Each structure stands twice: as structure tokens, then as C-alpha cells.
Amino acid sequence: MILERPSSLASYAQELLSRGRIVFSREDAMQALGVSHGAFLDAAERLQRRRHLISPRRGFYVVVPPQFLNWGAPPPPWYIDDLMRHAGQPYYVALLKAAELHGASHQAVMEFQVVTDKQMPPTKAGRSVIAYYYRKDMDAVSAGIEERKTDTGRMHVSSPELTALDLIRYPRAGGGLDNIATVLNELGERLDAGRLADLAAAFERSVLQRLGYLLERVGRPNVAAGLHEQVSDTASWVELDPAEAADPDFAPEPVERNRRWHVIARRTPEVDE
């Protein structure tokens, strides 16, 4: 049977939707339509103006299904794996978004947070913002990356243990000390002490100190025990919240100097129950 060539980019996009696909590359569309680069760009621009198409990265397009027209784009889980493969970058969905996927969803997550090995600017896609966080040695945390099914395929997501470590490594992405403590409290029952200890080798010692201290504060000393084995008794003292400690208008006298973790706390983290 000879397949008919789509008559327009709009019909090509609709054909993809009918087959359960929502992404395509510029080259794939040009080949399917038999059009020049300029003609394709003109057609793509028209569809983008009508909000039927978005281009979160040069040469990569996402079809907006009818049910998401008011949102301006389908949710990032529908295309994040294709987007990162198009970019040629390893990745995993991380931080607060990963915590939400693991059931720690106390507050709405404003960004779709991704860790990758290239520094990339945020991607605006409809009402969503994909924020990228940099980690050079992605292979070092591969044991903490899980695969999740999505409505259109799959995506890579950090395990509860990797999520907890990342929240300390990227504290601004975690929404501050109190929010991180709240998320750790909600993640607590999902954390495996052995897996956490295995992943700890890929993180700075200061991360282990802060995480261990917070886990004990939220009542998870057994989970923290494996981390303490990797923190020397002569470890340097670290501030629990370096940003607050560096603020001359804030930094009060410490309320605690925890000798077990060598952590200086200038205030007690507040966990939102």
C-alpha cells in the first residue's frame, strides 16, 4: 500500500496525534511533507501562532492536543524524554517534581525540575517552565535513577534517595530550609538507608552532614545512620543554611551546634504537618 503524503504541516501533526505521538523533528516533518526548510518554518510559525504547536528547543516540536490548548502545551512528562534525547543529554526528573511523583506533594510544584550534565536555560512551554540543574558526573548517580511510564512513553526520575540528596545539594530549588525539611518528612518512609548510603559517595560531604542532621530532626535516625558512617568525626563544621548564614540582616546566633553531624543551625527547621 502506498501511503499518501500529508498535504500540510497541520495534517501531519493531526496524523501524529492519531497514532499517539505528539513530537517530531524539523527534519522528519520536512521529509514527510517534501517541503523546503523555509516553507516548513513558515508553516510551523503559523501553527505556533494558533497555539497548536510549540518548539521548546530548536528543531524540536510538540503538537498541542485539543484538551491542552488553554494550557498552551501538554504537560512536560508527555515529551521530556523525547526532548532530552533530541538534545543528546542524559537527564532525570528531580527535586520537588520527583518528590511529588513519590508522593511528597505537600505544595504545588511551580517548575518541572530536571538534572542534566549541561548548563541550559529554562524552557517555557505553555504554562509550564522546565528548569535544568547541572551535574557533571551523571554516571555517578545512575543507580538512583528510575524509569517511569507516562501517558505517551517514559521518563527518567530520581529515586527517593537521590531526590533527598539533591534537595540538599540544590537548596534553592527545594524552596528553602523549611520546605526541604517538610518534603524529607513526607519522603521518610520511602527512603532506604542502604541505597541512600550507596549514593552518598557521589555527593559532597557537606551534603551528607546537612541531610543526616535533617533526617534525624524529622525522626528518621535509622535512615541517616549510613550517612554518618561517611562523615568523619573531624569533619569541618558546616552551616545548615549557608544562604541565611551569609545574610548579615538575618544570621542570628546559632540555636544549635550539632556535634554528631558538625552542623551549625541558626534556627530550628519548621516542618509543615
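Scroll up to find the structure this text is about.
Residues numbered from 1 in each chain as written. Predicted model: local features only at pLDDT ≥ 70, side-chain atom pairs only at ≥ 80, totals over all residues. Heavy atoms only, no water.

Asker: How should I be thinking about the pairing of strand β5 (residues 112-116) in this particular structure?
Answerer: Remark: a regular strand shows side chains that alternate across the two faces of the sheet. Counting buried residues in β5 gives five out of five residues, a clear majority hidden from the surface. Where burial is concerned, the two faces of β5 agree: the one with Phe 112, Val 114 and Thr 116 and the one with Gln 113 and Val 115 are both buried. Here strand β4 (residues 91-93) pairs with β5 via three bridges, running antiparallel. Of the residues in β5, the one forming a bridge with Tyr 92 is Val 115. Bridge count for β5 against strand β7 (residues 128-134) is five bridges, and the pairing is parallel. Considered in β7, the bridge of Thr 116 is made with Tyr 134. (Buried < 20%, exposed > 50% of the residue type's maximum accessible area, 1.4 Å probe, protein only. Helix = DSSP H or I, 4+ residues; strand = E, 2+ residues; numbered from the N terminus. Pairing = 2+ DSSP bridges.)

Asker: What am I meant to see in the packing of aromatic side chains here?
Answerer: Aromatic rings considered in pairs are described by the distance between their centres and by the relative angle of their planes. This structure, assessed with the given rule, holds five aromatic pairs. Consider the rings of Tyr 12 and Phe 24, whose centres lie 5.3 Å apart with planes at 80°: the pair is edge-to-face. A residue pair is termed long-range when its members are at least 10 positions apart, and Tyr 12 in helix α1 (residues 9-18) and Phe 24 in strand β1 (residues 23-25) qualify at 12 residues. Residue Tyr 12 is classed as buried on the basis of its relative accessible area, which comes to 7%. Phe 24 gets classed as buried once you look at its relative accessible area, which sits at 4%. (Phe/Tyr/Trp six-rings, centres within 6.5 Å; stacked < 30°, edge-to-face > 60°.)

Asker: For this particular structure, what's the right way to read the nonpolar core?
Answerer: Side chains of nonpolar character tend, in soluble globular proteins, to be buried together. In terms of nonpolar packing, the biggest core is built from 47 residues, with Leu 165, Phe 203, Leu 211, Leu 214, Leu 215 and Leu 227 touching the most fellow members. Elements represented by at least two residues in this core include exactly α5 (95-101), β7, α6 (160-169), α7 (177-187), α8 (193-200), α9 (205-217), α10 (221-228) and β12 (263-265). Phe 203 has contacts with Arg 135, Val 141, Leu 162, Leu 165, Asp 166, Arg 169 and Leu 208, leaving out every residue within four places of it along the chain. Ranked by size, the runner-up nonpolar core spans 24 residues in total, among them Val 62, Trp 78, Tyr 91 and Val 93. (Core = buried A, V, L, I, M, F, W, Y, C linked by side-chain atoms within 4.5 Å. Contact = heavy atoms within 4.5 Å.)

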